[in-house]
Amino acid sequence: MFSTVSVDGVVQRWEDLRLQDFAQGFFFGAGFFTTIRIDAGRPLFLARHLARLRGSLAAFPTAVRAPASALLHEDAVRDSLRRCLEADPLLGPGFTGVGKLAVSDGRVLCTFRPLAPDFESLHRDGRVLDSVEPGAYRRAERTVNHKGLAWFRQHALVPLLPLITNEADEVCELPTANVFVQLDGALVTPLLAAPCLPGIARAVLLDAGHVAGLPVVERALPLAELSRAQACFFSNAVALAVGVPQLLGQALPDSLRLAEQARAVLEARALREG
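Every chain's residues receive numbers from 1 upward, in the order its sequence appears when written. Only residues with pLDDT of at least 70 get local features here, since the model is predicted, and only at 80 or more are side-chain atom pairs given and counted; chain-wide, interface and lining totals rely on the full set of residues. Heavy atoms throughout the structure, all of them, feed into the side-chain values; hydrogens and water do not.

Would you explain helix H7 (residues 255-273) in this entry?
Helical periodicity: at 3.6 residues per turn, an α-helix aligns residues three or four positions apart in one direction. Secondary structure follows DSSP: runs of H or I at least 4 residues long count as helices, runs of E at least 2 residues long count as strands, and numbering of each begins at the N terminus. Every helix has an expected span of 1.5 Å times one less than the residues it contains. Compared with the 27 Å implied by 1.5 Å per residue over 19 residues, the 27 Å span of H7 between its first and last C-alpha is a close match. Remark: exposure states derive from per-residue accessible area (1.4 Å probe, protein chains only) relative to the maximum for the residue type, with buried under 20%, exposed over 50%, and partly exposed in between. Within H7 the residues assigned to the buried category are Ser 255, Leu 258, Ala 259, Ala 262, Arg 263, Leu 266, Arg 269 and Ala 270. Taken end-on, H7 shows its buried residues confined to a sector of 140°, consistent with a single buried face. Opposite the buried face of H7, by more than 90 degrees, sit the exposed residues Leu 271 and Arg 272. Immediately beyond the C-terminal end of H7, within one or two residues, lies Gly 274, with a positive phi of roughly 80°. By arc we mean the arc of the directions from the helix axis to the C-beta atoms, nothing more.

As structure tokens, this is what we get:
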């Protein structure tokens, strides 16, 4: 992680932050965050990220102290990001990487990190998904629909990257991504009530309606149906779409092509949305 951060739009150094200013989030995980891909200094889908943060704050008004609404205005966040990049020579105005906005204790904290070392190889080679975390979620468990700072359950599963299912043996999500499966002539992603996170890339693909001629639909996705999958990819706001060349032991050679086409849809929409 880079040392330059901002707190409520004020650019400063990570080492100068005071723990007492973030006690609610640090000690109790009472807050929300979002990770934003930044390409050449331009944050992708910023308006969508901020809308999700505001929605999470509104859903838990008594649990998390919200910052002043002006701090989550798109223009204010863009300006804060720009000033951080300009202030740090290791970042610079053309920075490509990841920005993270964390909201708790009535404050907005912005931090930066580089793209993962395997970022390019993920797009080129994809990622095998070969494990399942059964029954980890419960249907309509609403906390999963929000990207909370108390992310312990998902974080513990990140190294394995298993498919997480609910008590009805339905696919929900991956620890860091939403899932899309080509089935019966459609591109299927689990329902938010499965539950899963309303991912930014997921929402964009649903709005687009089609990828590679396949209608994008959300419905219940029983784990047993994955044996009939023709292709699969997972999505998040940073990687956009990553193909799954092997799903639970089944080779899916069309997954890399499908993920590439999904990335093209997402990249084109990012250019339009600014």
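Whenever I open this one, the packing of aromatic side chains confuses me. Can you help?
Geometry of an aromatic ring pair is reported as the spacing of the ring centres plus the angle between the planes. Put simply, two rings from Phe, Tyr or Trp (the six-membered ring, in Trp's case) pair if the centres are within 6.5 Å, and we call them stacked under 30 degrees between planes, edge-to-face over 60, tilted for the rest. Enumeration according to the criterion identifies 5 aromatic pairs in this entry. Ring centres of Phe 2 and Phe 95 lie 5.7 Å apart, and the angle between their planes is 90°; on these two criteria the pair is classed as edge-to-face. Taken together, the positions of Phe 2 in the segment before strand S1 (4-7) and Phe 95 in the loop between helix H3 (74-87) and strand S5 (97-104) put the pair 93 residues apart, joining distant regions of the chain. Of the two residues, Phe 2 and Phe 95, both sit in the buried class. Between the aromatic rings of Phe 180 and Phe 233, the centroid separation amounts to 5.0 Å while the plane-to-plane angle is 15°, which identifies the pairing as stacked. Pair noted here: Phe 180 is in strand S10 (residues 178-183) and Phe 233 is in strand S14 (residues 231-235), with a separation of 53 residues, a long-range link. Note on Phe 180: relative accessible area 0%, which makes it buried. We classify Phe 233 as buried; its relative accessible area is 0%. Aromatic rings pair up to connect Phe 2, Phe 95 and Phe 112 into one cluster. Only when the NZ atom of a Lys or the CZ atom of an Arg is both within 6 Å of the ring centre and within 35 degrees of the ring normal do we say a charge sits over the ring. Sitting over the ring of Phe 33, Lys 100 keeps its end group 4.6 Å from the ring centre.

Got a minute to help me understand a nonpolar patch on the surface in this structure?
Like charges within 9 Å and nonpolar side chains (Val, Leu, Ile, Met, Phe, Trp, Tyr) within 5 Å are joined into patches, using only residues over 30% in relative accessible area that form no salt bridge. Surface accessibility in these figures is a Shrake-Rupley result with a 1.4 Å probe; residues are shielded only by whichever protein chains are displayed. Counted as salt bridges are all cases of a side-chain nitrogen of Lys or Arg within 4 Å of a carboxyl oxygen of Asp or Glu. Taken together, the side chains of Leu 19, Phe 26, Phe 27 and Phe 28 make up a nonpolar region of the molecular surface, amounting to roughly 520 Å² of accessible area. If you trace the backbone, Phe 26 turns up in helix H1 (residues 23-28). The exposure class assigned to Phe 26 is exposed, which follows from its relative accessible area of 59%.

So what exactly am I meant to see when it comes to the pairing of strand S13 (residues 214-218) here?
A regular strand places its side chains on the two faces of the sheet in alternate fashion. Strand pairing is assigned whenever DSSP identifies at least 2 bridges connecting the two strands. Inspection of the sheet shows strand S11 (residues 186-189) paired to S13 by 3 bridges, in the parallel sense. In the sheet register, Thr 189 faces S13, and the bridge partner there is Glu 218. Alignment of strand S12 (residues 210-211) against S13, held across 2 bridges, turns out to be antiparallel. Among the inter-strand pairings, Val 211 is bridged to a residue of S13, identified as Leu 214. Turn length for the S12-S13 hairpin, with the two strands adjacent in sequence and antiparallel, is 2 residues, and the turn residue Ala 212 shows positive phi of about 55°.

I keep staring at the sheet that holds strand S7 (residues 132-137) and nothing clicks. Help me out?
Each strand in a sheet pairs with its neighbour through backbone hydrogen bonds, running either in the same direction (parallel) or in the opposite one (antiparallel). Judged by pairing direction, the sheet is mixed, and its 3 strands sit side by side in the order S7-S8-S9 without closing on themselves. A single partner strand is all that each edge strand has here, and the edge strands are S7 and strand S9 (171-173). Strand-to-strand twist of the sheet, defined as the mean angle between neighbouring strand axes without regard to direction, takes the value 45°. An axis is simply a line fitted to the C-alpha atoms; with a helix, the fit covers only the stretch in contact. Between two such axes, the angle follows the N-to-C directions and lies from 0 to 180 degrees.

Got a minute to help me understand the sheet that holds strand S2 (residues 10-13) in this structure?
Across the sheet, which stays open at both edges, the 6 strands sit in the order S2-S1-S6-S5-S3-S4 with antiparallel pairing between neighbours. Only two strands of the sheet have a single neighbouring strand rather than two, namely S2 and strand S4 (42-43). Relative to S4, strand S3 (residues 32-39) runs antiparallel, the two sharing 2 bridges. Considered in S4, the bridge of Ile 38 is made with Pro 43. Against the sheet, helix H2 (residues 46-59) touches S3, S4 and S5, its axis set at about 180° to S3. Any two residues whose heavy atoms approach within 4.5 Å at even a single point are treated as in contact.

It is not clear to me how the pattern of salt bridges should be interpreted in this structure. Could you clarify?
Side chains that differ in sign of charge can pair as their charged atoms come close. Going through the model one piece at a time under the given rule, you end up with 19 salt bridges. A salt bridge links Arg 83 to Asp 79, with the shortest nitrogen-to-oxygen separation between them at 2.9 Å. Taken together, the residues Arg 83 and Asp 79, both in helix H3 and 4 residues apart, mark about one turn of the helix. What makes Asp 79 partly exposed here is its relative accessible area of 29%. Across the salt bridge formed by Arg 228 and Asp 184, the nearest N and O atoms sit 2.8 Å from each other. Here Arg 228 is found in the loop between S13 and S14, whereas its partner Asp 184 is found in the loop between S10 and S11, with 44 residues between them in sequence. Bridged by salt links that share partners, the residues Asp 8, Arg 18, Asp 21 and Arg 107 form one connected network.

The values reported here are purely geometric and, on their own, carry no functional implication.
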